[in-house]
Amino acid sequence: MTGYKKDADAAAGKLTWQGLFYAAAPAFLYTALTNAVHSLLAASGRFSSGIRLQAVSVSVCLLLFLWYAVRVRLAVRSADRRKSVYRYPAAFCYVIAVVMCGIVNNYLFSMIMSVVRNFSSGYFEVVKVFYTNDLWIEILTLCMIGPAAEELVYRGFVYQRLRERGSQAAAAVWSAFLFGLMHFNLVQGVYAFILGILLAHIVERTGGLAAAAAAHMAANLVSVLWTETDWLDLLNQSGNRQYAAALICLALMGIFLSYGNRMTQREKSRTAEQNGIKK
């Protein structure tokens, strides 16, 4: 991404309520537009499937936001193309870290679901709509179109606007909070908040949206395949094995996240040294 980091460092700690509302505006607009298109399509009677309605409405909004991103020249990748080589192995590490984080979250939610079940009726309604369809439409909607739109909105517009006005930590937390809030149910909200912080970290480290979007898509893909197929039955554990599996995935998340951070830090140090020599 171009320019926002320098400005953000200078303005660290100056994030105001006006700045928060300004940053949150794209998220509110995206949610409102998606719901409006969804309602119009539903009223037309041409779609009998909720997930197909979601696919079309999100696609329409994704195209609108892509047009706006081009119009305002939203920074979606590092301005230095020479860094593209190091980003691939680092991005792979970040993708695995996010996938592991998603698996850990699923284990945790299954452990506490009996406690919060009365507070997560909205989540079960979402499950009924999204996870009772053909696998291909679930993958297209939940693992491709949805993550692409959400990364553009939340890690693109929202996070970058927050980063221009405050620190990395504040921008990550507030953008993740908004990301979770806009899911409108407790289970998905907490899940999205945790992943949102990690995805914001990836954007900050890599300087672009590509790695975060790939990680988001991969995490959703694992979730869909885990729910809808028997391909990931190995992940279905119970009792003490579930706790052990969660700890193993948590450790793997930390390892891959650490390797990704080392790669990006090494490249940044090398770039700084080269710039110093040139000067």
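Scroll up a little and you will see the structure.
This is a predicted model, so every value here is computed, not measured.

Enquirer: Any details on the overall build of the protein? Residues and values, ideally.
Expert: Each helix and strand in the protein was counted, giving ten helices and zero strands. Reading the protein from its N terminus to its C terminus gives the helix and strand order α-α-α-α-α-α-α-α-α-α. A fraction of 80% describes how many contacts in the protein between residues 6 or more apart in sequence connect residues 24 or more apart. Taken as a whole, the protein presents about 14800 Å² of accessible surface, with 64% of it coming from carbon and sulfur.

Enquirer: Could you give me a rundown of a nonpolar patch on the surface, with the residues and numbers involved?
Expert: Together, Trp 17, Phe 21, Trp 174, Phe 177 and Leu 181 make up an exposed nonpolar region whose accessible area comes to about 600 Å². Elements represented by at least two residues in the nonpolar patch include exactly helix H2 (17–44) and helix H7 (168–181). Tallying contributions element by element places H7 first for the nonpolar patch, with three residues. Along the chain, the position of Phe 177 falls in helix H7.

Enquirer: So, the packing of helix H6 (residues 135–165) against H7: which residues are in play, and what are the values?
Expert: The N-to-C vectors of H6 and H7 enclose an angle of 140°; their axes lie 9 Å apart at closest approach. Between H6 and H7, the angle falls in the class oblique. When you trace H6 past H7, the crossing you get is right-handed. Within the contact between the two elements, H6 uses Glu 150, Tyr 154, Arg 155, Val 158, Tyr 159, Leu 162 and Arg 163 and H7 uses Gln 168, Ala 171, Ala 172, Trp 174, Ser 175, Leu 178 and Phe 179. The residue makeup of the contact of H6 with H7, split by class, is nine nonpolar, two polar and three charged.

Enquirer: Summarise the environment of Val 58; cite the residues concerned and give the values.
Expert: Mapping Val 58 onto the fold places it in helix H3 (residues 50–71). Along the chain, Val 58 and Thr 141 lie 83 residues apart, while their C-alpha atoms are 8.4 Å from each other. Apart from residues lying up to four places away in sequence, Val 58 is in contact with Tyr 30, Thr 34, Ile 145, Gly 146 and Ala 149.

Enquirer: Go over the nonpolar core, please, and point to the residues and values.
Expert: In terms of nonpolar packing, the biggest core is built from 62 residues, with Val 98, Ile 103, Tyr 107, Leu 152, Tyr 154 and Ile 202 touching the most fellow members. Sort the elements by how many residues they give to this core and helix H4 (residues 84–116) lands first, with 14 residues. Discounting chain neighbours no more than four positions away, the residues touching Val 98 are Leu 195, Leu 198, Leu 199, Ile 202, Ala 215 and Ala 219. Judged by nonpolar contacts, the second largest core, of nine residues, contains Val 126, Ile 137, Leu 142 and Cys 143.

Rules behind the numbers
Residues numbered from 1 in each chain as written. Predicted model: local features only at pLDDT ≥ 70, side-chain atom pairs only at ≥ 80, totals over all residues. Heavy atoms only, no water. Helix = DSSP H or I, 4+ residues; strand = E, 2+ residues; numbered from the N terminus. Contact = heavy atoms within 4.5 Å. Areas by Shrake-Rupley, 256 points an atom, 1.4 Å probe, with all protein chains shown as cover. Patch = residues over 30% accessible without salt bridge, like charges linked within 9 Å, V, L, I, M, F, W, Y side chains within 5 Å. Salt bridge = Lys/Arg side-chain N within 4 Å of Asp/Glu carboxyl O. Axes fitted to C-alpha atoms, helices over the stretch in contact; angles between N-to-C directions. Parallel < 35°, antiparallel > 145°, perpendicular 65-115°, else oblique. Left-handed = near helix turned anticlockwise from the far one by under 90°. Nonpolar A, V, L, I, M, F, W, Y, C, P; charged D, E, K, R; others polar. Core = buried A, V, L, I, M, F, W, Y, C linked by side-chain atoms within 4.5 Å. Buried < 20%, exposed > 50% of the residue type's maximum accessible area, 1.4 Å probe, protein only.

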